[in-house]
Amino acid sequence: MMDGALVNSAVQRLWGKLSADGEHWLPLVTHLTDTAETAALIWDEWVPLHVRRTVEKDFRETGLNDEESSDYARKVFRFLAASHDIGKASPIFQSKALRIGNHAYDFILTGLRQCGLSFPDHKTSSNIKHPFESEAILEDAGVPRCYACVVGGHHGKPVGRSQDIRHIINWDIESGIGLQYWNQIHEKLIQLALKAAGLEELPETPIKITTQVIFSGLLIMADWIASGEGFPLISCSEWAVLEDSETRARRAWKNLRLPPYRQFSDSCLPEELFQRRF
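Before going into details, it helps to say that this report is about the structure given with it. Sequence order as written defines residue numbering, which begins from 1 separately in each chain. In keeping with the model being predicted, local features are shown solely for residues with a pLDDT of at least 70 and side-chain atom pairs are shown and tallied solely at 80 or more, while totals for entire chains, interfaces and linings include all residues. By convention in this description, side-chain values take in all heavy atoms of the structure and omit both hydrogens and water.

## Notes on helix H8 (residues 145–152)
Worth spelling out the cut-off: Whether a residue is buried, partly exposed or exposed follows from its accessible area with a 1.4 Å probe, protein chains only, as a fraction of its type maximum: under 20%, in between, or over 50%, in that order. Helix numbers and strand numbers start at the N terminus; a helix is a DSSP run of H or I with at least 4 residues, a strand a run of E with at least 2. The contact rule is simple, with two residues in contact once any of their heavy atoms fall within 4.5 Å.
Among the 8 residues that make up H8, 6 are buried, leaving the element largely enclosed by the rest of the structure. If you follow the buried residues of H8, they end up packed against helix H3 (49–60), helix H4 (66–83), helix H7 (130–140) and helix H11 (209–226).

## Remarks on the pattern of salt bridges
Going by this rule: When a carboxyl oxygen of Asp or Glu lies within 4 Å of a side-chain nitrogen of Lys or Arg, that pair is called a salt bridge.
Considering all chains together, one arrives at 14 salt bridges under this definition. Between Lys 208 and Glu 61 there is a salt bridge, with its nearest N and O atoms 3.0 Å apart. Here Lys 208, found in the loop between helix H10 (180–197) and H11, pairs with Glu 61, found in the loop between H3 and H4; they are 147 residues apart in sequence, far enough to count as distant. One continuous salt-bridge network, built from bridges that share partners, spans Arg 53, Glu 56, Arg 60 and Asp 66.

## Some thoughts on the sheet that holds strand E1 (residues 15–18)
Basically, it comes down to this: For two strands to be treated as a pair, DSSP must find at least two bridges joining them.
Reading across from one edge, E1-E2-E3 is the order of the 3 strands in this open sheet, with antiparallel pairing throughout. In this open sheet, the two edge strands, each paired with only one partner strand, are E1 and strand E3 (234–235). Inspection of the sheet shows E1 paired to strand E2 (residues 24–27) by 3 bridges, in the antiparallel sense. Following the sheet pairing, Lys 17 is matched in E2 by Leu 26.

## Let's talk about H11
Selection rule: To estimate how far a helix should reach, multiply one less than its number of residues by 1.5 Å.
Between its terminal C-alpha atoms H11 stretches 25 Å, which fits the 26 Å expected from 18 residues at 1.5 Å a residue. Every buried residue of H11 is listed here: Thr 211, Gln 212, Ile 214, Phe 215, Leu 218, Leu 219, Met 221, Ala 222, Asp 223, Ile 225 and Ala 226. On the buried face of H11, the contacting elements are helix H2 (28–45), H3, H4, H8 and helix H12 (245–256).

## Quick word on the nonpolar core
The condition that has to hold: The term nonpolar core refers to a set of buried residues drawn from Ala, Val, Leu, Ile, Met, Phe, Trp, Tyr and Cys, joined through side-chain atoms within 4.5 Å.
Counting residues in each nonpolar core, the largest one holds 74 residues, and the members touching the most others are Phe 79, Ile 185, Leu 189 and Phe 215. With sequence-adjacent residues up to four places away left out, Ile 185 is seen in contact with Val 7, Ala 10, Val 11, Leu 14, Ala 89 and Leu 117.

## Observations regarding the packing of aromatic side chains
Threshold: For Phe, Tyr and Trp, rings pair up if their centres lie within 6.5 Å, where Trp contributes its six-membered ring, and each pair is then called stacked (planes under 30 degrees apart), edge-to-face (over 60) or tilted (otherwise).
Within this structure, the stated rule accounts for 7 aromatic pairs. When the ring of Trp 43 is compared with that of Phe 77, the centres are 5.9 Å apart and the planes differ by 45°; the resulting orientation is tilted. Residue Trp 43 is found in helix H2, and its partner Phe 77 is found in helix H4; the two are separated by 34 residues along the sequence. For the pair shown, Trp 43 and Phe 77 are each scored as buried. A centroid spacing of 5.1 Å and a plane angle of 80° characterise the contact between Phe 59 and Tyr 72, whose relative ring orientation is edge-to-face.

## Side note on the pairing of E2
Note: E2 against E3, 2 bridges, orientation antiparallel. Its bridge partner being in E3, Trp 25 is matched across the sheet by Ile 234.

## Considering the environment of Ala 196
Mapped onto the elements of the fold, Ala 196 is located in helix H10. Residue class for Ala 196 comes out partly exposed when judged on its relative accessible area of 22%. Taking the C-alpha atoms as reference, Ala 196 lies 9.7 Å from Ser 83; in sequence the two are 113 residues apart.

Any link to function would need more than the numbers given here.
Written out as structure tokens, the structure is:
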């Protein structure tokens, strides 16, 4: 078993994004917190009240009052955002650094190996996609499928039977789920996601398909924004982003200038609305 210091070191060394020129990268934990902070801004400043109420209804049915259900729904969304790319913390994904930037990123895998992590041969290829790995890792950790499937579909395509990584040979080894050291990494990332969301334990309340669809759309949006130019990569000579994710997210959100949501009048019939808009 890897000791706590090595786990923390390895988690900080995982890459989330790399530039093709081999000069810039972004730690995975930074992208996850960037996305969580972006999700909070989307929820607080852009999502219409009636959409939030639709989501909150699922949690009110468990006995939470209006204020509690509102707070919990926001925290669950932040957790999904903070864990959406946990599938990148896998042997098969991290080993992609060997094939990008003409070996400029070998330092990342060298550092991870020093922490005790192993990787497949650089010639190994896989059909496993990291969103599907994320879903499987969360389910393996005890996250109900109604939440894990939201993470699995954050690139716009939910996991179908043919994409379920459990049907791929050596899926557990390639995802790291079957390897003790990688399991420790996954556990640590989930703990960090819970902390970022302000949750003490994994969400368990069943949510309806409507809520899953809403969360899916908003997560895709949060990841898209947090992957844009408002969140610059850092030089390969650096191991950490100097600014915290909240600062990065607020600046990017301000510069994005999304138009505010405006609800159409109830007196406007759908047919009339269609004619006006199209």
